[in-house]
Amino acid sequence: MIDPEQQQAPPALPQPPHRYDGIAKVTGTAKYAAEFREPFPRKDLVYAFIVQSTIPSGSVKAIDTHAAERASGVIAVLTPFNAPKLPIGPPKPPGKRSLSVLQDNEVHYNGQPIAVVIARTHIDAISAAPLLKITYDAQPPKLDFLNRLNEARPPKQPGKEPPHQSVARPDATSAGTPAATIDQTYITPIQVHNPMEPHATLAWWEGEKLTVYDATQYITGDRMSLAGIFSLPLDNVHVMDPYVGGGFGCKGSSWSHVALCAMAAKIVQKPVQLALERPQMFGPVGHRPSTVNKIKLAADSDGKLLLVQQDVTMTTSVMEDFLEHSESPARKLYHSAQIHTSTAMVDMNIGVATFMRAPGESSGTAVFEIAMDELAENLSIDPVQLRLINYAERDPTDDKPWSSKHLRDCYTQAAERFGWSKRNAKPGQMSEGNNLIGYGMATATYPANRSAAQAICRFLPNGRVFVGSGTQDLGTGTYTIMAQTAAEELGLDVNQIDVKLGDSTLPKAPVSGGSQSAASVCPAVQDACKQAKLKAGTAAIADTQSPLHGVLAADLDVHAGRIFLKKDPSKGEDLTELIARNGSKPIEAEGSAEPGEDKTSMTERSFGAVFAEVAVDRDTRMPHVRRIVATYDIGTLMNKQTGINQLQGGIVWGVGFALHEEAYIDPVTGRTANENLADYHVPVNRDIGTLDVTVLDIPDTKFNPLGARGIGEIGITGAAAAVANAIYNATGVRVRSYPITPDKLLRA
Ligand code: MOS
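Residues numbered from 1 in each chain as written. Predicted model: local features only at pLDDT ≥ 70, side-chain atom pairs only at ≥ 80, totals over all residues. Heavy atoms only, no water.

So, on to the overall build of the protein chain. When helices and strands are tallied, the protein chain shows 17 helices and 27 strands. Here the protein chain has a C-alpha radius of gyration of 27 Å; the compact-globule value for 748 residues is 27 Å, and the two agree. Its C-alpha atoms give the protein chain principal-axis dimensions of roughly 80 × 75 × 50 Å. Burial status across the protein chain gives 62% buried among its 748 residues. For the protein chain, the share of sequence-separated contacts (at least 6 apart) that also reach a separation of at least 24 residues comes to 80%. Surface summary for the protein chain: the accessible area is close to 27800 Å², and the carbon and sulfur share equals 52%. (Helix = DSSP H or I, 4+ residues; strand = E, 2+ residues; numbered from the N terminus. Rg over C-alpha atoms; globule rule 2.2 N^0.38 Å. Buried < 20%, exposed > 50% of the residue type's maximum accessible area, 1.4 Å probe, protein only. Contact = heavy atoms within 4.5 Å. Areas by Shrake-Rupley, 256 points an atom, 1.4 Å probe, with all protein chains shown as cover.)

The biggest cluster of nonpolar side chains holds 90 residues, and the ones touching the most others in it are Leu297, Phe368, Leu375, Phe611, Tyr632, Val723 and Tyr738. Tyrosine 738 has contacts with Ile187, Thr188, Pro189, Ala366, Val367, Ile370, Phe657, Ala658, Ala720, Ala721, Ala724 and Lys744, leaving out every residue within four places of it along the chain. Ala76, Val192, Val212 and Met348 belong to the second-largest nonpolar core, a separate cluster that totals 53 residues. (Core = buried A, V, L, I, M, F, W, Y, C linked by side-chain atoms within 4.5 Å.)

Glancing now at the sheet that holds strand β10 (residues 209-214). What the seven strands build is an open sheet, ordered β3-β5-β1-β12-β9-β10-β11; its pairing is mixed. Edge positions in the sheet fall to β3 (74-78) and β11 (237-240), since each has one partner strand and no second. On average, each strand axis in the sheet is inclined to that of its neighbour by 20°, with strand direction left out of account. Two elements, β3 and strand β5 (residues 113-119), share four bridges in a ladder whose sense is antiparallel. Within the sheet, the bridge partner assigned to valine 77 lies in β5 and is valine 117. Of the strands in this sheet, β10 and β11 touch helix α5 (residues 219-229), which is tilted by about 150° from β11. Most of the contacts of helix α6 (residues 256-268) go to strand β9 (residues 200-206), to which it runs at about 35°, and overall it touches β1 (46-52), β3, β5, β9, β10 and β12 (272-275). (Pairing = 2+ DSSP bridges. Axes fitted to C-alpha atoms, helices over the stretch in contact; angles between N-to-C directions.)

The assigned domain composition of the protein chain is domain 1 (22-26 + 451-593) and domain 2 (360-449 + 601-747). The partner domain 2 presents 15 residues to the 16 residues of domain 1 that form the contact. A combined buried area of about 1200 Å² lies between domain 1 and domain 2, and 56% of that area is made up of carbon and sulfur atoms. By the criterion of area lost to domain 2, the three top residues of domain 1 are Thr476, Ser515 and Ala519, representing 39% of everything that side buries. On inspection of domain 1 and its partner domain 2, the count reaches zero salt bridges. On the surface where domain 1 and domain 2 come into contact, there are seven residue pairs in polar contact (both at pLDDT 80 or more). Those elements that provide at least two residues to the side of domain 1 that touches domain 2 are α11 (478-490) and α12 (517-542). Examining the composition of the side of domain 1 that touches domain 2, we find that five residues originate from one element, α12, more than from any other. When its residues are assigned to classes, the side of domain 1 that touches domain 2 shows five nonpolar, 11 polar and no charged. (Domains from an automatic or database assignment. Buried area = accessible area lost by both parts, 1.4 Å probe. Salt bridge = Lys/Arg side-chain N within 4 Å of Asp/Glu carboxyl O. Polar contact = N/O pair within 3.5 Å; in protein donor to acceptor, adjacent residues only side chain to side chain. Nonpolar A, V, L, I, M, F, W, Y, C, P; charged D, E, K, R; others polar.)

Per-residue confidence for the protein chain averages 94 on the pLDDT scale, and 96% of its residues sit at or above 70. Here residues 1-7 scores under 50 on pLDDT; set against residues more than four positions off or in separate chains, the count is 11 contacts. (pLDDT = per-residue confidence, 0-100.)

We now examine the sheet that holds strand β2 (residues 58-64). Judged by pairing direction, the sheet is antiparallel, and its three strands sit side by side in the order β4-β2-β6 without closing on themselves. On the outer flanks of this sheet lie β4 (106-107) and β6 (133-138), each paired with one strand and no other. Looking at chain direction, β2 and β4 are connected through two bridges and run antiparallel. Residue pairing across strands places glycine 58 opposite valine 107, the latter belonging to β4.

This part takes up unusual backbone geometry. Residue proline 39 follows glutamate 38 across a cis peptide bond; omega there is 15°. Along the chain, tyrosine 738 connects to proline 739 via a cis peptide bond; the corresponding omega equals -5°. Even without being glycine, alanine 560 reaches a positive phi, approximately 50°. Its location among the elements puts alanine 560 in the loop between β21 (556-559) and β22 (562-565). Alanine 560 sits in the partly exposed class, given a relative accessible area of 45%.

The full count for this structure, using the stated rule, is 32 salt bridges. Here aspartate 235 and arginine 223 are joined by a salt bridge, their closest N and O atoms 3.4 Å apart. With a gap of 12 residues between them, aspartate 235 in the loop between α5 and β11 and arginine 223 in helix α5 connect regions that are remote in the sequence. Judged by relative accessible area, which is 15%, arginine 223 ranks as buried. Where salt bridges share partners, they join Glu432, Glu613, Arg626 and Arg627 into one cluster.

Before going further, it helps to spend a moment on the side chain of glutamine 309. For glutamine 309, the location among the structural elements is in strand β14 (residues 305-317). Setting aside residues up to four positions removed in sequence, glutamine 309 forms contacts with Lys294, Ile295, Lys296 and His340.

This part covers the state of the cysteines. Taken as a whole, this structure holds zero disulfides when the rule is applied. Counting only cysteine sulfurs, cysteine 529 is the nearest neighbor of cysteine 457, a cysteine outside any disulfide, at a range of 3.9 Å. This cysteine, cysteine 522, is not joined by any disulfide, and cysteine 529 carries the nearest cysteine sulfur, 10 Å off. (Disulfide = S-S within 2.5 Å.)

In this section: helix α15 (residues 640-659). With 20 residues, α15 should reach 28 Å at 1.5 Å per residue; the first-to-last C-alpha distance of 29 Å fits that figure. Summarising burial for α15: 14 of the 20 residues are buried, a large majority. A side-chain oxygen of the first residue of α15 lies 2.8 Å from the backbone nitrogen of glutamine 641; this N-cap is asparagine 639. (Expected span 1.5 Å × (residues − 1).)

Okay, the packing of helix α8 (residues 361-379) against helix α16 (residues 719-731) next. Following both chains from N to C, one finds α8 and α16 inclined at 35°, their axes separated by 8 Å at the closest point. As for how α8 packs across α16, the hand of that crossing is right-handed. Side by side, α8 and α16 meet where Thr365, Ala366, Glu369, Ile370, Asp373 and Glu377 of the first sit next to Ala720, Ala721, Ala724, Asn725 and Tyr728 of the second. The residue makeup of the contact of α8 with α16, split by class, is six nonpolar, two polar and three charged. (Left-handed = near helix turned anticlockwise from the far one by under 90°.)

All right, on to the environment of serine 100 then. Structurally, serine 100 can be placed in the loop between β3 and β4. Assessed through its relative accessible area of 6%, serine 100 is described here as buried. Put simply, serine 100 and histidine 257 are 157 residues apart on the chain and 8.5 Å apart in space, counted from C-alpha to C-alpha. When residues no more than four places from it in sequence are discounted, the contact partners of serine 100 are Gln112, Pro113, Ser256, Leu260 and Met319.

This part takes up the pairing of strand β27 (residues 690-695). Note that strand β26 (residues 623-633) and β27 share six bridges and pair parallel. The residue of β27 that forms the bridge with threonine 631 is threonine 694.

Aromatic ring pairs are defined here through the distance separating the ring centres and the angle between the ring planes. What the rule picks out here adds up to 17 aromatic pairs. Plain terms: the ring middles of tyrosine 20 and tyrosine 479 are 5.4 Å apart, the flat faces sit at 10° to each other, and that makes the pair stacked. Within this pair, whereas tyrosine 20 is found in the loop between α1 (4-7) and α2 (22-27), its partner tyrosine 479 is found in helix α11, the two being separated by 459 residues in sequence. Tyrosine 20 sits in the partly exposed class, given a relative accessible area of 32%. Each ring, one from phenylalanine 322 and one from phenylalanine 355, has its centre 5.5 Å from the other, and the planes form 90°; the classification is edge-to-face. Residue phenylalanine 322 is located in the loop between β14 and α7 (328-332), and its partner phenylalanine 355 is located in the loop between β15 (338-348) and α8; the two are separated by 33 residues in the primary sequence. For phenylalanine 322, a relative accessible area of 6% corresponds to the buried category. Chaining the aromatic ring pairs together yields one cluster made of Tyr20, Tyr32, Tyr243 and Tyr479. Sitting over the face of the ring of tyrosine 728, arginine 734 holds its NZ or CZ atom 3.7 Å from the ring centroid. (Phe/Tyr/Trp six-rings, centres within 6.5 Å; stacked < 30°, edge-to-face > 60°. Lys NZ or Arg CZ within 6 Å of the ring centre and 35° of its normal.)

This is the structure we're talking about:
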């Protein structure tokens, strides 16, 4: 198949044999935020531990610190009663999450930071924490979401998309009578990010200058947040973050512990490390809200959608609204005569929610794509066919063209690789031994995001090239694709490129969230390389000893470490010679890139098709995912290893969404009852089976020069519903509440 878009394809990137940071990671030289022990004298480092509220609502009346202060190694205890008052009052950092930094004694949720113990060792700090005698004035909490849905209210912070939207097409009135309708309620639970590396901060002050190592997805945001909280000029705050052990959204905002660590360092005038324990990840650093979705669908006898309606009610914190657009797949996936969506929120005494891998689209596809499966069954139409009948040739709600969309090919390719034609549409018909076997599918989708970014490129005297940007690598492959981009632009091998990121002294880049880093940073790296080539040209033209002295800049090119005349490549010299003659100073230039008008004139989005095979034990009803086959349309695949790995990781999380993950908020105490990885289940290798992930690799050059849309998040979308639909196909039991645990399959 020849695609017109392929004709303007950007040049293929060189594929390195392994990740740029692979060797550093497997040999242990890659240091994470909690592992730094310099530049200060090692003995100076002290440790802070956050003490959390044990009630969900009310206030702290008093904290008796005497016993804790006398405990071994304790240096100081910070409480709402002695903590320094911050110049601007309760801070609202750029990540917009409300913080608990000991500025008042109110308690909004069980687990809220209410004191900080600072001690000579981490163990000393943890051991002293229970010695605090805390008295509370407890108030009745707002918990038990599912029994308080009648308290739902409109969002106070509407978010980036309208919470209510109604679209009726001209053909809506003439549309036929419904042959099938769906009117059901679907529930997703609260889920909690659990990156391998828990949050950690190391902070120290030199006078009014603050330096931090922080596990963050956004060094620039951290810097703005800390500068704001402590009323410092931006230049006085330096944030570093060379390696991140996963983020998934929870490290996209500067939470309370970052400011508390800096506050502790200021009080004791020493470098302070504050690392969250795993249970402390459940509450103070965000979660995915729980959603209740009323979904109505109607279709005519040909399967054409007459109505799509999704009304979402979600949990929110009494501290601050966080709205995820779980209704967005209902608006963006299929053409329908009418589309209506709405969002409402129920106040809860829980921590503030936040972005969590594919916020909105994860929950949204998880529920909406079950409803589509139910509609297909009612109509006796194959689920893939139903989706093709309602294929959205343009954005269904905005009526804009797509920048590039090849979802049809995803359905075809993945269905073929999966063997979908062997599926029996009637549930409970396929079995193997004591297992019922089921096939299910769903559509994946996530928007293509991009922001302004800057980068620097330096031609070094030794012939190597340095590229840097104030971005982050969450384990996703940012280092690697920056090296590939520079190598391609400069005609060098990837191992001749040195990459630096995760340092706020580098040119600015956006938050590594919303799957935007590749699409934002790599065009900036490309531009920095182009600018550096121009700089080299200027230097050569001005240099009387250069063979290129006095030529026209437009006639020059730089490739593979040489600068030369385009018309006569033999006339030129090595960049190393040029640099050596000019004081051995690197030739450097900054570059930038930002989205253009495409953002408003078209809709930029990725799509995919996910197929799942499950086995469900006839007796125990234990579901097991045997294989997942998925094909994605994500534009250019920049790196075959790291890219496919991102998509696989997302699918694994989709399986966790379907079968395992749920944070149980105790309806009386408000504490997360399963705040550890033994009780909060995530998939392990045994839970996954085989993954067959392919991409179309069709560049979306209307979106950016590299044609690459981000891939950090789309993998989780659709995967949960594909598993849920496969379980229905195996068992005939339709579970509309995640996670799909054996008890729900037995009960039905
Ligand atoms: Mo992602 S949830 O935007 O880090």
